[in-house]
Amino acid sequence: MNNIARTNDFVVRFANVNGSGSASANNLFAKAIFRMGVPVSPKNIFPSNIQGLPTWYEVRVSDRGYLARRGGYDLAVAVNGQTLLRDYLDLPPGGYFLYDSTRELSADFDRKDVTLLPVPLTELCNTAFEHPKLRQLLKNIIYVGALASLLDMEFTVLTEAVERQYAKNAKLAGPNIKALELGHDYAATHLAGRCQLKVQRIDGVGERILVDGNTAFGLGALYGGATVVGWYPITPSTSVIEAFEKYCRKFRVEQDGGRRKVAILQAEDEMAALGIVIGASWNGARAFTATSGPGISLMGELLGLGYFAEIPAVVLNVQRAGPSTGMPTRTQQADILSSAYASHGDTKHPLLFPSDPRECFEMAADALDLAERLQTPVLVLSDLDLGMNDNLSPPFTWDDGRRYDRGKVLSHDDLEQRQEKWGRYLDVDGDGICYRTYPGTHPAKGSYFTRGTSHNEYSGYTEDNVIYQTGMERLTRKWQTAKSLVPGPVLAMRDATSPLGAIFVGSSAAAAFEAFDLLAEKGIVINAMRLRAFPFADEVYRFIKAHRQVFVIEQNRDAQLRTLLVNEGDVDPAKLPPVLHFDGLPITATTICAQIEALLSSNRQTPTQDGGRR
Amino acid sequence: MSSERPVFRHPQAAKNSAGYSRKDYEGAISTLCAGCGHDSTTNAIIQACFELAIEPHRVAKMSGIGCSSKTPAYFLGRSHGFNAVHGRMPAIAAGANMANRELLYIGISGDGDTASIGMGQFAHALRRNLNLNYICMNNGCYGLTKGQDSATADRGSAGKKGEPNPYSAIDLCKLAIELGASYVARGFSGDKQQLVPLIKGAFAHNGLAFIDVISPCVTFNNTSTSTKSYEYVREHIEATNTFDFIPLQQEILAHYPEGTSQEVVMHDGSIISLHKSEAGKEVTSRRLALDGLEEEKAKGRLLTGLLYVDPQSVDTHDIVNSTLRPLNTLGEADLCPGGATLAKLMDGWR
Ligand SMILES: Cc1ncc(C[n+]2csc(CCOP(=O)(O)OP(=O)(O)O)c2C)c(N)n1
Ligand code: SF4
Ligand SMILES: [Mg+2]
């Protein structure tokens, strides 16, 4: 039997029962690899359920720094009876199967091409620990200890991690370390030499941090100066607000009296959540909400109000698999169209697409600036994979010289000094953005009436056809201005002469770049452009023009990003073959390679069928 | 009824203590139907603001959609206004209020806007006890969409189309009391004497003040078969109490009229002084307030006046423990922890 033998390049899959406290043990494992300087990418695959259903945690270890889900696994840590057989059968030939050998495996487990790694977890645990509640948790820690021995990990990295985690609760550190040792010693004694997967310290992580995108969103909103939040719980966005609130407790408490420099309202639904944001922004506070697909649908009418009445709002949309309730705990990039064009009538909204936690942090703060500069709702589109999983990310930085861009707002003195008549919707500067005032600013000047009905330049009600149309055209002008303000695309040219390009956003990036490496080995050279915002810069269309074929890679069924590209620019749709992944799991490089290769070979087979336009 | 109302010969020219004349509280010319109850309610709001010498620019007017929700354009033309979307005034007012706790918020809604599409937001503004003066102009129908029955239309009541309403009615005051409003009153657009002090009391109140103003729609629901017509309401109205509203600054000078019984000292120190001779003296009991509404309803009467007030009420800002400073005035120094702190946070993720 040929065992899989690899160092710093493999996938471990933990199969647990939801709610059994496995998350912290599995995290400990991933963190230890990270602290040994090896790039690591853990992904939770969990059910929409609180307790009792199967959940998996995949840890990809990659010295080459590939952080996308790889697909498949080399070692299973199988501690869930419900899925034991499946976890076993899905192993590739040469794979490893670590299981709780307190109970014997049934006759079904008869593969000859899999190495068994039996550890009597329950028995070890029950012998060593009295406390029934602790037993459950420590059983998980024991397998981490065993893995440390099997994979040749630095044991002190694990013990230090435990000590750090329980720095404030030393009583818990002891039993955890004991559990690690139990597992480690057992594996060292009974399973030595059985596993050919190894972790070896390298310098592959550098300055980077390991954090989830939702925490980054929450922190970014705090740094960006948000003071009012309206929200309604929905997976996978809830932890954005939890993080924001946690940091507010730390950084937004007044010295005297302990009052908070923030107001967070859990709303009755997403309409109310966005209503709170719009009301606060209208009144001069920075405000945001976080939600997911179903919430965006409910927010539709108010997003249109924000667009037409020109009120800033920031919506952090952590996408999940739809349609309808879809798969609440699975990932997709399927709200691109519903976000871009949310609401009735002619509406469109700037979108930002972060692709790692640092960008989540930056874009949450930038969105607050952009929304106020442009006086319009701005949506930031993350997804479950980026939002809820720990992602390796460059560290966040903040320039202390940075000032919040509050946009065109007239102060009391501005109003006082102003000679000409002020109009709320008067485009003085020609960029489509007008000057606004906050309520309460001046006793005699600058008050106006905000309405979602058609209005003239002085915010008076009108149904005049010419005035209405002129106003709509000004909003188009503002859209052009938005184009120059949103972050531009990131270009990765491999070879300017290559006819092939690819476009993608957000969490598809890691898999895409890995795929291009793999394709390059086969002589397929792909130039890449990662979009960071909508409206699309002219550069995006120049990139498409410069290539014969540009693959649009995204995680939804209907090629929504592609639709948006086709809709918003002068481009031949045939030039943009879609590369789609939409099963709810994060996209992999293998999927992308397979689809691109298939598309290229169909090109070759049918060169004239489509008039050679591709 | 207010004891402090000045008696001048030319009230239009008179100035209040803030230096504003009544005209300064007016807005654009109403485009509602002549005789619409909403216009009278608008006038009562203007009167209350004028008499209390409220600075117009320190008021924010919020509304939903409907004929009623249009009225913020017709009063306080020097204030910022926000005519939002149907049924969502409470959330937008909540956000506005969170941004700046120092302004006075007047939220205008209709019975369709409140009791149907906006029922959820209504309920939750109440339970949050948002510091908002929520005035529902209740005509038992959807005026703006041409007269359909609303959820507050009484069973059996018939508007212009003549079809009696088969559904039971929602009593917004009862709901408001049950859901946690801290000031609940019912007025009638045709009785300004009673309505103006009700509005003034609401303005002085800290927390959600809800006033259900029966405000007849002359175009679609003022028929002899409608229970929200001027004629019907005049015949069936029952006032629970009458009172004088004595603002803080006049408190010392006020000399209480004969027969004054209960006094409710409001959050800001102003006083609601209820008349002894009236029924339902006890206005600080939720249970008695609900009983009163039920009893009069059983008699076929419509109870009006101040129904319930909790002078100790705690508003949303205090519930969420937010700063006393308006949040919209805070800048980087207050809000941003800075680069060095961020660098330290990074170590936690290594
Ligand atoms: C989402 C939405 N649905 C429907 C409408 C149409 N609409 C406008 S006003 C109104 C009813 C208003 O009734 P009410 O609040 O009682 O106000 P009134 O006109 O009677 O004062 C309706 C249904 C709308 N504007 N928005
Ligand atoms: S339709 Fe009815 S509610 Fe609307 S303005 Fe006319 S009278 Fe008033
Ligand atoms: Mg109505």
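What you see is a predicted model; the values in this text were computed from it and never measured. Here, residues in each chain are numbered from 1, in the same order as that chain's written sequence. Here every chain gets a letter starting at A, and every ligand a number starting at 1, in the order they are written. For this predicted model, a pLDDT threshold of at least 70 governs which residues receive local features, and a threshold of 80 or more governs which side-chain atom pairs are given and counted, while totals over whole chains, interfaces and linings are taken from all residues.

Moving on: the overall build of chain A. For the purposes of this entry, the term helix denotes a DSSP run of H or I that reaches at least four residues, the term strand denotes a run of E that reaches at least two, and both are numbered from the N terminus. Looking only at helices and strands, chain A features 19 helices and 23 strands. In terms of overall dimensions, chain A has C-alpha extents of about 85 × 75 × 40 Å along its principal axes. The burial label depends on the number of other C-beta atoms within 10 Å of a residue's C-beta. Counts of 20 or more mean buried, 12 or fewer mean exposed, and intermediate counts mean partly exposed, with C-beta atoms placed from the backbone. By the burial criterion, 53% of the 614 residues in chain A qualify as buried. Put simply, 76% of the contacts in chain A that link residues at least 6 apart link residues at least 24 apart. Here, residues touch in the contact sense if the C-beta positions derived from the backbone fall within 7 Å of one another.

Right, let's get into the environment of A:Ala128. All names here are of chain A. Note on placement: Ala128 falls in helix H3 (residues 121–128). C-beta crowding within 10 Å serves as the criterion here: with 15 such atoms nearby, Ala128 is assigned to the partly exposed category. In the structure, Ala128 is positioned 124 residues away from Ile4 in sequence and 33 Å away in space, judged by C-alpha atoms. If near-sequence neighbours (up to four positions away) are discounted, Ala128 is found in contact with Lys178 and Leu182.

The next thing to look at is the sheet that holds strand S23 (residues 578–580) of chain A. In any sheet, the strands associate via hydrogen bonds between backbone groups, in a parallel or an antiparallel arrangement. Residues and elements named next belong to chain A. One open sheet holds the five strands; their spatial order is S18-S20-S19-S22-S23, and the pairing between them is mixed. Either end of the sheet is taken by a strand with one partner, and the two such strands are strand S18 (490–492) and S23. Between one strand axis and the next, the sheet turns through 20 degrees on average, direction left out of account. As judged from the three bridges shared by S18 and strand S20 (residues 527–531), these two strands associate in the antiparallel manner. By the bridge assignment for S20, Leu491 is matched with Met529. Two strands qualify as a pair provided that DSSP identifies no fewer than 2 bridges between them. Lines fitted to C-alpha atoms define the axes, with helix axes restricted to the stretch in contact, and inter-axis angles between N-to-C directions lie between 0 and 180 degrees.

Residue and element names in this part refer to chain B. pLDDT gives the predictor's per-residue confidence on a scale running from 0 to 100. Model confidence for chain B is summarised by a mean pLDDT of 90, while 91% of its residues fall at 70 or above. Note on residues 1–7: pLDDT under 50 across the span, and 18 contacts to partners over four residues away in sequence or across chains. Low confidence marks residues 251–256, where pLDDT is under 50. Its contacts with residues over four positions away, or in another chain, come to seven contacts. Across the interface, the model reports ipTM at 0.95; the global pTM reads 0.96.

Let us now look at the site of ligand 2. In the vicinity of ligand 2, the contacting residues are B:Leu32, B:Cys33, B:Cys36, B:His38, B:Cys67, B:Asn139, B:Gly143, B:Leu144, B:Cys217, B:Val218, B:Thr219 and B:Phe220. All amino acids are sorted into three groups, where Ala, Val, Leu, Ile, Met, Phe, Trp, Tyr, Cys and Pro are nonpolar, Asp, Glu, Lys and Arg are charged, and the leftover types, Gly among them, are polar. In terms of residue class, the shell around ligand 2 is built from eight nonpolar, four polar and no charged. We count a residue as near a molecule or strand when its backbone-placed C-beta atom lies within 6 Å of that partner.

With that settled, the discussion passes to the site of ligand 1. All names here are of chain B. As a structural note, the neighbourhood of ligand 1 is formed by 17 residues, with Gly66, Ser68, Gly110, Gly112 and Gly143 the closest of them. When contributions to the shell around ligand 1 are tallied by element, the ones reaching two or more residues are helix H2 (67–70), helix H4 (111–117) and strand S5 (141–142). Take the shell around ligand 1: its biggest share by element is three residues, from H4. Looking at the shell around ligand 1 residue by residue, the class counts come to six nonpolar, nine polar and two charged.

This next bit is on the interface of chain B and chain A. Interface size, as often reported, equals the accessible area lost upon joining of the parts. Residue-level contacts link 46 residues of chain B with 56 residues of chain A. Secondary structure elements with two or more residues in the side of chain B that touches chain A: strand S2 (80–83), helix H3 (89–99), helix H5 (119–128), helix H11 (332–335) and helix H12 (339–347) of chain B. Element by element, the count of residues in the side of chain B that touches chain A is highest for H3(B), at eight residues. Its residues assigned to classes, the side of chain B that touches chain A comprises 23 nonpolar, 16 polar and seven charged. Examined bridge by bridge, strand S17 (residues 449–451) of chain A and S2(B) share three bridges and lie parallel to one another.

What a helix is expected to span follows from its residue count: subtract one and scale by 1.5 Å. Taking 1.5 Å per residue, 13 residues should reach 18 Å; helix H9 (residues 270–282) of chain A reaches 18 Å between its end C-alpha atoms and fits that length. Among the 13 residues that make up H9(A), 13 are buried, leaving the element largely enclosed by the rest of the structure.

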